[in-house]
Amino acid sequence: MASSQSDLTSFKALSFDCYGTLIDWETGIITALKPLIDQLPASHAFKTDPQAALHRLEELAGSHQSRTPTLPYNEVLAMSMSELAHETGVSLSDSVTEPFGNAVGTWGPFPDTVAGLQKLAQHYKLIILSNVNNSNMESTLTKQLHPAKFDAAYTAQDIGSYKPGHQNFQYLFGHAKKDLNVDWEKGDLLHVAESLKIDHVPSKELGLRSVWISRGYEEGGSKDRGKDIVLQKYRDATAFEWRFTTIGEFADEVERQFAAKKS
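Residues numbered from 1 in each chain as written. Predicted model: local features only at pLDDT ≥ 70, side-chain atom pairs only at ≥ 80, totals over all residues. Heavy atoms only, no water.

(A) Quick look at the packing of aromatic side chains. Under the counting rule described, the total for this entry stands at 7 aromatic pairs. Plain terms: the ring middles of phenylalanine 11 and tryptophan 242 are 6.1 Å apart, the flat faces sit at 80° to each other, and that makes the pair edge-to-face. One end of the pair, phenylalanine 11, is in the segment before strand S1 (13-16); the other, tryptophan 242, is in strand S6 (residues 242-244), and 231 residues separate them in sequence. For the pair phenylalanine 11 and tryptophan 242, a shared accessibility class is recorded, and that class is buried. Here the aromatic rings of tryptophan 212 and phenylalanine 240 are separated by 5.0 Å at their centres, their planes lie at 45°, and the arrangement is tilted. Of the two residues, tryptophan 212 sits in strand S5 (residues 210-213) while phenylalanine 240 sits in the loop between helix H12 (225-234) and S6, which places them 28 residues apart along the sequence. Neither tryptophan 212 nor phenylalanine 240 differs from the other in exposure class; each is buried. The lysine or arginine in question, arginine 215, covers the ring of phenylalanine 110, its NZ or CZ lying 3.8 Å from the ring centre. (Phe/Tyr/Trp six-rings, centres within 6.5 Å; stacked < 30°, edge-to-face > 60°. Helix = DSSP H or I, 4+ residues; strand = E, 2+ residues; numbered from the N terminus. Buried < 20%, exposed > 50% of the residue type's maximum accessible area, 1.4 Å probe, protein only. Lys NZ or Arg CZ within 6 Å of the ring centre and 35° of its normal.)

(B) Spatial organisation of the side chain of serine 80. Among the structural elements, serine 80 can be located in helix H5 (residues 73-88). Judged by its relative accessible area of 0%, serine 80 is buried. Look past the residues within four positions of serine 80 in its chain and what remains in contact with it is Leu57, Leu60, Ala61 and His64. (Contact = heavy atoms within 4.5 Å.)

(C) Just helix H8 (residues 134-144), in detail. Buried within H8 are the following residues: Asn136, Met137, Ser139, Thr140 and Gln144. Projection of H8 onto a plane perpendicular to its axis shows the buried side chains occupying an angular sector of 160°, all on one side. At its buried positions, H8 is contacted by H5, helix H6 (94-102), helix H7 (113-120), strand S2 (125-130) and strand S3 (152-155). (Arc of directions from axis to C-beta.)

(D) Quick peek at the pairing of strand S4 (residues 189-193). The element S4 is largely enclosed, with a buried count of 5 among its 5 residues. Alternating residues of S4 divide into Leu189, His191 and Ala193 and Leu190 and Val192, and every residue in both groups is buried. The pairing of S1 with S4 spans 4 bridges and is parallel. Each bridged residue has a counterpart across the sheet, and for alanine 13 the counterpart in S4 is leucine 189. Between the parallel elements S4 and S5, the chain passes through helix H11 (residues 196-206) in a crossover that is right-handed. (Pairing = 2+ DSSP bridges. Right-handed = clockwise from strand over helix to strand, strands pointing away.)

(E) Summary view of the sheet that holds S2. What the 6 strands build is an open sheet, ordered S3-S2-S1-S4-S5-S6; its pairing is parallel. Of all strands in the sheet, those bounded by a partner on one side alone are S3 and S6. Strand-to-strand, the axes of this sheet are offset by a mean angle of 20°, without reference to chain direction. As paired strands, S4 and S5 are joined by 3 bridges and run parallel to one another. Bridged to alanine 193 within S5 is tryptophan 212. (Axes fitted to C-alpha atoms, helices over the stretch in contact; angles between N-to-C directions.)

What follows is the structure, encoded as structure tokens:
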């Protein structure tokens, strides 16, 4: 459900987070963690709650991103996987951890993503602002999101830092204006993302208008306790003006509004 009926037709471009918003990042991570989880005893918390392993991996990756912001995301993931294995007492070889970091580009989109993007492309320029490395992004764009097309994609590897750092958004603003004639200060740009911490908190801090794609977050509580904790922690630090559960739902509302303006 949309949380607002405010006008969506005034923007020239949409900037997207990619993994978690367009790509089913959670399923990809949990599948990749299976070699580790399979070696754990039946009593281990990660065995019954793989999402807890995902959240711990996120914490480890976040620490690397803060300490070494120029380290490419595939290397961050591989190192974080090795650390998680060490914490849990599991032995994983480089033949498991290194491919894990490069698997991001093989993860598939949500069922609604590609059709939704194709609808949105009829009304806006489309941009990606992502924390991944360039090779994973290239694979995602040419394979997983095909035939949807983007006008630009800016990665943490291009920028030399990770979201939620403001410099990533400043890079977006500067390049969107230079490359696409999209001026966020004139209200041309709308940011679309799932992550409250990584995308919506800095959007509020910078005054960038945003849409929350609330995949997996349920009114009254989620099945994923980690998501509930994130929502409680960051909800008041965000200022998104619209909430949709999927990209498809968002695209449908955009089409409805543009059609209404023509009638």
